[in-house]
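# Results of the structural survey
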Amino acid sequence: MSELIPEFKHIYSLTPEWRQDFINYLGGTIVDEKMYFSEKWSRGSSFFLEILPDVSVIIIDTIVNRPILLTRMASDDDFWIVYYDLSDSFSKHIVEDVNHKIGYKSKLNFGIVDNKIGSSYLATVGERFYSLRLLIRKSYIKTFFTDAEFEKDFKDVFDDKKKKMFFYGHIDSRSKVILHSLKQNKIDDPNYEFILKGAAFTLLGYLIERLNSKMPSMVAHLEKDIEAVMLSQQHLLSNLLVPFPGIELLANNANMSSTKYRTLYNTIFGVSPALYFKNEKLLLAKELLESGDFKFVSDVAYELGYNKTAYFSSIYKDYFGVLPNTVLKEF
Amino acid sequence: MKTVTYNYNSSLNWVDVLAEATGGCLEGNFIKGDNEMFKGTHFFLPIEDGITAMLIDTTYKEEVLLKYRNENNNFIGFHFYLTNLDIDFILDDEVTLLGKLNYNLSIVDCTIDLDYIVKKGTRLFVICILFDKEALKKYFSKITPIADIILDAQKNTVIRLDRMGTESLILINDFRKISSDSSLYKVYFKGLVYGLIGNCLEQLNNKKIIIDKTITADIKNIIASKTMLQNSIEGPFPGVNFLAEQVAMSPSKYKILFAKISGVNPGTYFYNNKLNRAKELLETGKFTVNEVAHKLNYANVSYLAKRFNEMYGIYPKEYQNLF
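Residue positions are given per chain, counted from 1 along the sequence in the order it is written. Written order determines the labels here, with chains lettered from A and ligands numbered from 1. Two thresholds apply to this predicted model, a pLDDT of at least 70 for residue-level local features and 80 or more for giving and counting side-chain atom pairs, whereas whole-chain, interface and lining totals are computed over all residues.

## Quick word on the UniProt feature "domain: HTH araC/xylS-type" (unreviewed entry) in chain B
UniProt positions are given in the numbering used here, feature names are shortened, and annotations may be inferred rather than shown by experiment. Mapped onto this numbering, the UniProt entry gives "domain: HTH araC/xylS-type" (unreviewed entry) at residues 223-322 of chain B. Numbered from the N terminus, helices here are DSSP runs of H or I no shorter than four residues, and strands are runs of E no shorter than two. In residues 223-322 of chain B, the share of helix is 72% and the share of strand is 0%. The end C-alpha atoms are 36 Å apart.

Here you go:
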């Protein structure tokens, strides 16, 4: 299948030149900071601003009309790309395998990638894709850390020879609120430039605070341990239909003790594995209820491995504020 | 009464003058002062070409007359005031009050001579955004009617007094939580300044808030009543009838005036502020969502969760978990 999907290769830069490639390939026009795509590939627009000599921000708000694989190629510019994804649909990748058993995968909406590593994104047709990216020169980030801290916690991260994506997870709460309110504004509003700059500076502040408080403890762990936890997390998220497998099993898979696993997991994701799993399940439940494929709440509950519909309803209501039954009736 | 004369512009050569006039000393981007007149700081930062911003956070120990006399005429100042006591704002021998219950946003052309009388014990928290006229024209050209709104036709200079919207107040309050020692202070300050400009332009563009040249007693009553609502944010909504009665107005008049000043009706204003309070309580990490719902008098957690998500795009539990 994948060879039939056209691939568009591009790069990012801290200056606006990268946009020309997009327009050449996808069609459309550039008007000052804005970029409007042509209907051929997607409906929507993009906004690019240099907010500091070392920091730029990109907004992409579009609905893709036909499948396309977007590949960002590695380039030599020395900056980080910080992704915030606030697309409409939460778990978009529903894969049907040979047994026609449906598996769900939830998506991590926050990531930091070094520009020297390429990455690909397969856009989902017909869904609103809304994303903000901060491009930050590494030397600028360094200025927020003392030399001692830096030597201890971040040496590897800024080491050019080690090209690695070293963080992905969920958007923190404060940033999510900022992004939510930014999303209410339209790119064509006359004050959009200011609103976006305001949001971008605040996000930058939150990001550096987060790096300061969370990352050191994370970087202090062995890289292979972090990878193992990430891997088990992926496994956990692709098996949302069964009950929580238990810390012991997860820890075992990652080759560590339960205590160590739990601590490391908490450091990376900010919550315990069990709570994270439950929240993901509930978000998936919402999707399922709204999909219209289910007639009864009990069906959704069973689908997700809850034996008691009443229990499912009660935790669902605690989280979302409405009973699953109400959601089902609305759709 | 002591007199301080300010003389500033959108480039930074006024900083030394200011430091001298106030008797403060210059440390980096701060002018810090603690003398017989006042205690506090002035923080200034060039934001971008043509925009400079300053934050004044001072407590005055005696009554002071602040005079603004500018020699150059190339900029326009946006001032956002948060004060505990009212300030007399003097323009052409006409006194207007600025402060908690009066105007708290002014847009003033630098060619106009301004005097402020600040009373003893006033805590003055002001954010000034100075726009180069050229820079402003560039941005304002995107908003056609804006020149008509802020231009004083008789004097052919820009002057406008107004009240800032709730969004701006929330931005400022969020910013005040950040310590001035933080290495991110400048980053957050820029975020704040751009956010304020964005909100302010929207406010002007939508003509959301239109107040005549003088604030009438009725409008003052409404503002007082808003403050009262803020103070009783943890209880139930008292109802428009009760609120109107408190300020001796008919409920319908109250509602219309309230919406005119705040941009939203009393109920929405109250519940939005309640949600903001809920958010702040969750940030402290001292309360569970359940406790917050109880404390703020929500009938149940579910309703709070639903409203919270509508407002902020995230559920309270998630908000707390990811904090």
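## Remarks on the confidence of the model for chain B
Residues and elements named next belong to chain B. Per-residue pLDDT for chain B has a mean of 79; in total, 80% of the residues score no lower than 70. Looking over chain B, one finds the lowest element-wise mean pLDDT in strand S13 (residues 151-152), namely 50, and the highest in helix H10 (residues 289-295), namely 92. Predicted complex, confidence summary: ipTM 0.77, pTM 0.76. Confidence scores labelled pLDDT are given residue by residue by the predictor and lie between 0 and 100.

## Concerning the interface of chain A and chain B
Of the residues lining the interface, 29 residues belong to chain A; the matching set on chain B comes to 30 residues. When contributions to the side of chain A that touches chain B are tallied by element, the ones reaching two or more residues are helix H4 (173-183), helix H5 (192-213), helix H10 (273-291) and helix H12 (309-320) of chain A. It is H5(A) that contributes the most residues to the side of chain A that touches chain B, 10 residues altogether. Lys, Arg, Asp and Glu make up the charged group, whereas Ala, Val, Leu, Ile, Met, Phe, Trp, Tyr, Cys and Pro make up the nonpolar group; the residues left over, Gly among them, are polar. Residues of the side of chain A that touches chain B, tallied by class, amount to 13 nonpolar, 10 polar and 6 charged. It is the C-beta atoms, placed from the backbone, that decide contacts: two residues are in contact if theirs lie within 7 Å.

## Considering the confidence of the model for chain A
Scored by pLDDT, chain A comes out at a mean of 78, with 81% of its residues at no less than 70. Per-residue pLDDT stays below 50 along residues 90-106 of chain A; that stretch engages in 28 contacts with residues further than four places along the chain or on separate chains.

## Concerning the nonpolar core
In this structure, A:Leu134, A:Ala200, A:Leu204, B:Ile129, B:Val193 and B:Leu196 are the most contacted members of the largest nonpolar core, which totals 89 residues. It is H5(A) that provides the largest number of residues to this core, a total of 13 residues. Apart from residues no more than four positions distant in its own chain, B:Ile129 is found in contact with B:Ile51, B:Ala53, B:Phe78, B:Val193, B:Leu196 and B:Ile197. A set of buried Ala, Val, Leu, Ile, Met, Phe, Trp, Tyr and Cys residues, joined through C-beta atoms within 7 Å, is what we mean by a nonpolar core. Exposure classes come from backbone-placed C-beta atoms, where a residue is buried if 20 or more other C-beta atoms lie within 10 Å of its own, exposed if 12 or fewer do, and partly exposed in between. By size, the runner-up hydrophobic cluster in this structure holds 30 residues, among which are A:Leu282, A:Leu284, B:Leu275 and B:Ile314.

## Structural notes on unusual backbone geometry
Phi at A:Asp32 is positive, roughly 50°, even though this residue is not glycine. Position of A:Asp32 relative to the elements: it lies in the loop between strand S2 (28-31) and strand S3 (34-37). Within the chain, B:Asn297 stands out as a residue other than glycine whose phi angle is a positive 65°. Along the chain, B:Asn297 falls in the loop between H10 and helix H11 (301-312). B:Asn297 sits in the exposed class, given 12 other C-beta atoms within 10 Å.

## Concerning the domain arrangement of chain B
Residue and element names in this part refer to chain B. Under the domain assignment used here, chain B contains domain 1 (2-206) and domain 2 (217-321). Each partner contributes to the interface: domain 1 provides 5 residues, whereas domain 2 provides 8 residues. In terms of residue class, the side of domain 1 that touches domain 2 is built from 2 nonpolar, 2 polar and 1 charged. Domains are outlined according to an automatic or database domain assignment.

## A word on the sheet that holds strand S11 (residues 119-122) of chain A
Residues and elements named next belong to chain A. Spatial strand order, S1-S6-S11: 3 strands in an open sheet with mixed pairing. Whereas interior strands pair on both sides, the edge strands pair on one side only; in this sheet they are strand S1 (7-10) and S11. Direction aside, the axes of adjacent strands within the sheet are offset by 20° on average. Two strands pair when backbone bridges link them, and S1 and strand S6 (residues 69-72) are joined in this way by 4 bridges, in the parallel orientation. In the sheet register, Glu-7 faces S6, and the bridge partner there is Leu-69. Only strands that DSSP links by at least two bridges are regarded as paired with each other. Helix axes use the C-alpha atoms of the stretch in contact, all axes being lines fitted to C-alpha atoms, and the angles between their N-to-C directions lie in the range 0 to 180 degrees.

## A look at the pairing of strand S4 (residues 38-48) of chain B
All names here are of chain B. Of the strand pairs in this sheet, strand S3 (residues 30-34) and S4 are connected by 5 bridges, and their pairing is antiparallel. Paired with Phe-30 across the two strands is Phe-43, which belongs to S4. Pairing analysis gives 10 bridges linking S4 to strand S5 (residues 51-60), with the strands arranged antiparallel. Paired with Leu-45 across the two strands is Ala-53, which belongs to S5. As consecutive antiparallel partners, S4 and S5 are separated by 2 residues, and within that stretch Gly-50 has a phi angle of approximately 90°, a positive value.

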